[in-house]
Amino acid sequence: DAGVTQSPTHLIKTRGQHVTLRCSPISGHKSVSWYQQVLGQGPQFIFQYYEKEERGRGNFPDRFSARQFPNYSSELNVNALLLGDSALYLCASSSNPDRSYNEQFFGPGTRLTVL
Amino acid sequence: AQKITQTQPGMFVQEKEAVTLDCTYDTSDPSYGLFWYKQPSSGEMIFLIYQGSYDQQNATEGRYSLNFQKARKSANLVISASQLGDSAMYFCAMRTSGTYKYIFGTGTRLKVLA
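Here goes a summary of the coordinates provided. (Residues numbered from 1 in each chain as written. Chains lettered and ligands numbered in written order. Predicted model: local features only at pLDDT ≥ 70, side-chain atom pairs only at ≥ 80, totals over all residues. Heavy atoms only, no water.)

Broken down by element type, chain B carries zero helices and twelve strands. Relative to the compact-globule value of 13 Å for 114 residues, chain B shows a C-alpha radius of gyration of 14 Å, a close match. Counting the 114 residues in chain B, one finds 49% classified as buried. If you sum the accessible surface of chain B, you get close to 5500 Å²; carbon and sulfur atoms cover 49% of it. For chain B, the separation between the mean place of its 11 positive charges and that of its 9 negative charges on side chains is 4 Å. (Helix = DSSP H or I, 4+ residues; strand = E, 2+ residues; numbered from the N terminus. Rg over C-alpha atoms; globule rule 2.2 N^0.38 Å. Buried < 20%, exposed > 50% of the residue type's maximum accessible area, 1.4 Å probe, protein only. Areas by Shrake-Rupley, 256 points an atom, 1.4 Å probe, with all protein chains shown as cover. Lys, Arg positive; Asp, Glu negative; His and termini not counted. Charge placed at Lys NZ, Arg CZ, Asp CG, Glu CD.)

In structure tokens:
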């Protein structure tokens, strides 16, 4: 079975541009979460979607937005890119975030560089 | 405020020896879960072990065990019989009930020496 997939693998953008990152969860998983991992730090929670609804949002500006499609894949959009948005963006899928034990499976990440 | 603290930026261990990676957490929620993840240089986060706040026994998964001390709010990861392939970043994370986000610590970089 395929794991969580993310595209693209790497991306280089310039300040002010926008970017769209994509994630496909494990088959059967209905929840997708997005994390930003700046070099040398732990992942920071951005969004979680479950059954196409936003269930949680971290402390990120409105430049960050996301959505989940009927097939449970997800897109993360970032507008007006800043140098500080350079990071590894991780997507994680899980089956049911309402369960107390809800293991998340992470994708390989998209490394975004903003010049 | 909910927080995960990992105080060891880097650790070295000799191959075949055991190593303990420290993690303390802070939450006022009585229901929570604690997770450890391994992140190799490739970047992908690999789930290692889980401990629920109401679990009576410490979690174990193969060479990984979790030393859960609830009163001290610590959840240390013990890796037995270290292997060269264990060299990676290790992150402790917490999820409390009623929230959908996982809070991660800053990580510990483990280097296994031959």
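Attention now goes to the state of the cysteines. Residues and elements named next belong to chain B. Applying the stated criterion to the full structure yields two disulfides over all chains. Each sulfur of the disulfide joining Cys-23 and Cys-92 lies 2.0 Å from the other. Since a negative S-S torsion denotes a left-handed disulfide, the Cys-23-Cys-92 link at about -60° is left-handed. On the criterion of sequence distance, the pair formed by Cys-23 in the loop between β3 (19-21) and β4 (24-26) and Cys-92 in strand β10 (residues 88-96) is long-range, its members being 69 residues apart. Accessibility classification places Cys-23 together with Cys-92 in one group, the buried group. (Disulfide = S-S within 2.5 Å.)

Below, the discussion takes up the nonpolar core. Formed by 25 residues in total, the largest nonpolar core has its most connected members in Ile4(B), Tyr25(B), Leu34(B), Trp36(B), Ile49(B), Leu77(B) and Tyr90(B). For this core, the secondary structure elements donating two or more residues are β3, β5 (32-39), β6 (46-52), β8 (64-69), β9 (74-79), β10 and β12 (108-113) of chain B. Here this core takes four residues from β10(B), the largest share from any one element. Beyond its immediate chain neighbours, meaning those up to four positions away, Ile49(B) contacts Leu34(B), Phe35(B), Trp36(B), Ala59(B), Thr60(B), Glu61(B), Tyr64(B), Ser65(B), Leu66(B) and Leu77(B). Of all hydrophobic cores here, the second largest spans 22 residues; its members include Val32(A), Trp34(A), Ile46(A) and Phe64(A). (Core = buried A, V, L, I, M, F, W, Y, C linked by side-chain atoms within 4.5 Å. Contact = heavy atoms within 4.5 Å.)

Residues and elements named next belong to chain B. Mapped onto the fold, Lys-38 is located in strand β5. Despite its burial, Lys-38 remains without a salt bridge, the nearest opposite charge being carried by Asp-86 at 4.2 Å. There is a polar contact of 2.8 Å between the side chain of Lys-38 and the backbone oxygen of Gly-85. Look past the residues within four positions of Lys-38 in its chain and what remains in contact with it is Glu-44, Met-45, Ile-46, Leu-48, Tyr-64, Gly-85, Asp-86, Ala-88, Met-89 and Tyr-90. (Salt bridge = Lys/Arg side-chain N within 4 Å of Asp/Glu carboxyl O. Polar contact = N/O pair within 3.5 Å; in protein donor to acceptor, adjacent residues only side chain to side chain.)

On to the pattern of salt bridges. Residues and elements named next belong to chain A. What the rule picks out here adds up to seven salt bridges over all chains. Residue Glu-75 is joined to Arg-22 by a salt bridge in which the shortest nitrogen-to-oxygen separation is 3.5 Å. With Glu-75 in strand β8 (residues 74-78) and Arg-22 in strand β3 (residues 19-24), this pair connects stretches of sequence that are 53 residues apart. Here Glu-75 falls in the buried class, since its relative accessible area comes to 11%. The residue Glu-75 makes a salt bridge to Arg-67 at a minimum N-O spacing of 3.3 Å. A single network of salt bridges, built from pairs that share partners, joins Arg-22, Arg-67 and Glu-75.

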